[in-house]
Structure formats: structure tokens, C-alpha cells
Amino acid sequence: MIAVERSFVVYRPLSELVAYLEDFARAEEWDPGTVSCVRLDDGPVRPGARWRNTSRFRGRTTELEYRLVVREPARLVFVGENGTVTAVDDLRFVGVGAGEGRAAGDAGGGAGTRLTYRASLTFKGLARLAAPFLRPEFERLADRVTARLPAAAEGRPS
């Protein structure tokens, strides 16, 4: 298994950030690896909602079907699967005061949310053998998400 975790502040109120991220189709906006993400069912987003996510990693395109398994006021958990991997995206949210996490001289300063994003991948079959070699690339992807997600969620160019 590979697990990567990042924690960073997004300058958007907790409830708004959860509402933004609970629709996994928005991964197209904040996940640099996502090529497309399409909702597979209708109605309000709630546990059991499903999406087809097409991602590009190491020059290859792959599809996973994700479902929302936990929807709490300060936590979201998505599980994606295909024949090669099970991916779990666990997002935890904590409200923060004005200015936390901002560098001196940054604009803004309104209250925001600390997001702790943990992604874990469990490979199946022969793909398990490649897992140790893929960790550095997943670490780089996590860094890119950390750079892109706040801008997307705050509605500003990345």
C-alpha cells in the first residue's frame, strides 16, 4: 500500500469547502492527474453517490469508479476501484482563524479551513510488486494537489 498525506489551509469556510469537495466531479478542477470525472447517478450527493474518474499517471490512462462512503460535517471519504487498485481519499476538515497559514504580505486573511488530505492506494495482483517504485511519483502528485486545490476551491486561478 502507498499512503500520502498533506495538510494545508484553504481560505473558504469549512461548510463551503466540504460542499465544494463532496462533488467528486470537481476533481477535474483540483487534481492534476484527473482527466475527467463524471457523476454516474442522480440526486443529492450523499453516501453511495458514484463517479467515473479517468486519470493519467505515468503516461497511462486509467478509470476508477469512486463512491462516497462517508459524508460528515468535517469529513469526506471516497473509495475508488478497478481491477488493479483500490484508492481511498480521506479528507478531514478543521476551521481555522483569520490569517493562519498565510505568509507575511499575502492578501486576504479571512477565516478558512485546514484540510488534511490522505490518499492511500492498495494494489491488486501483480501490480502490488510495482507499489514501492511508485511512491515517489505519488508524493509528487500529492504536492501538486496541495498547490492546486486551494486555488480551485477559493475560485482563483492556480
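For the structure, see preceding data.
Please read all numbers here as calculations on a predicted model, not as lab measurements.

Chemist: Would you mind going over the packing of aromatic side chains with me for this structure?
Modeler: Aromatic ring pairs are defined here through the distance separating the ring centres and the angle between the ring planes. Per the counting criterion, the structure on display carries 7 aromatic pairs. With centroids separated by 5.8 Å and ring planes inclined at 70°, the aromatic side chains of Trp-30 and Tyr-117 adopt a geometry described as edge-to-face. In this pair, Trp-30 sits in helix H2 (residues 27-30) while Tyr-117 sits in strand E7 (residues 112-123), placing the two residues 87 residues apart along the sequence. Using a relative accessible area of 2% as the deciding quantity, one classes Trp-30 as buried. Of the residues examined, Tyr-117 reaches a relative accessible area of 10% and is grouped as buried. Among the aromatic residues, ring-to-ring pairing joins Phe-24, Trp-30, Trp-51, Tyr-66, Phe-78 and Tyr-117 into one connected group.

Chemist: Just to check I follow, could you spell out the environment of Thr-122 for this structure?
Modeler: Structurally, Thr-122 can be placed in strand E7. Relative accessible area serves as the criterion here: at 38%, Thr-122 is assigned to the partly exposed category. Note: C-alpha distance between Thr-122 and Ala-3 (119 residues apart in sequence) is 8.8 Å. With residues up to four places along the chain from it excluded, the contact list for Thr-122 reads Met-1, Thr-84, Val-85 and Thr-86.

Chemist: In this structure, what is going on with the nonpolar core? I would like to understand it.
Modeler: Side chains of nonpolar character tend, in soluble globular proteins, to be buried together. Ranked by internal contacts, the top residues of the largest apolar core, which has 37 residues, are Leu-21, Trp-30, Leu-115 and Leu-149. Those elements that provide at least two residues to this core are strand E1 (2-10), helix H1 (14-22), H2, strand E4 (60-72), strand E5 (75-81), strand E6 (85-96), E7 and helix H3 (131-153). Looking at this core, the element that brings in the most residues is H3, giving 9 residues. Setting aside anything within four residues of it in sequence, one finds Trp-30 in contact with Tyr-20, Leu-21, Phe-24, Tyr-117, Val-145, Arg-148, Leu-149 and Ala-152.

Chemist: Looking at this structure, I do not really get H3. What am I missing?
Modeler: An α-helix turns once every 3.6 residues. As a result, residues three or four positions apart point the same way. For H3, with 23 residues, the first-to-last C-alpha span of 30 Å sits near the 33 Å given by 1.5 Å per residue. Where H3 bends most, the angle comes to about 25°, and this point is Glu-137. Residues of H3 that are buried: Ala-131, Leu-134, Phe-138, Leu-141, Ala-142, Val-145, Leu-149, Pro-150, Ala-151, Ala-152 and Ala-153. For H3, the elements touching its buried residues are E1, H1, H2, strand E3 (50-57) and E7. Just downstream of H3, Gly-155 is the residue with a positive phi angle, here 75°.

What counts and how
Residues numbered from 1 in each chain as written. Predicted model: local features only at pLDDT ≥ 70, side-chain atom pairs only at ≥ 80, totals over all residues. Heavy atoms only, no water. Phe/Tyr/Trp six-rings, centres within 6.5 Å; stacked < 30°, edge-to-face > 60°. Helix = DSSP H or I, 4+ residues; strand = E, 2+ residues; numbered from the N terminus. Buried < 20%, exposed > 50% of the residue type's maximum accessible area, 1.4 Å probe, protein only. Contact = heavy atoms within 4.5 Å. Core = buried A, V, L, I, M, F, W, Y, C linked by side-chain atoms within 4.5 Å. Expected span 1.5 Å × (residues − 1). Bend = angle between axes of the 7 residues up to and from the residue.

Interpretation in functional terms is not warranted from these geometric data alone.
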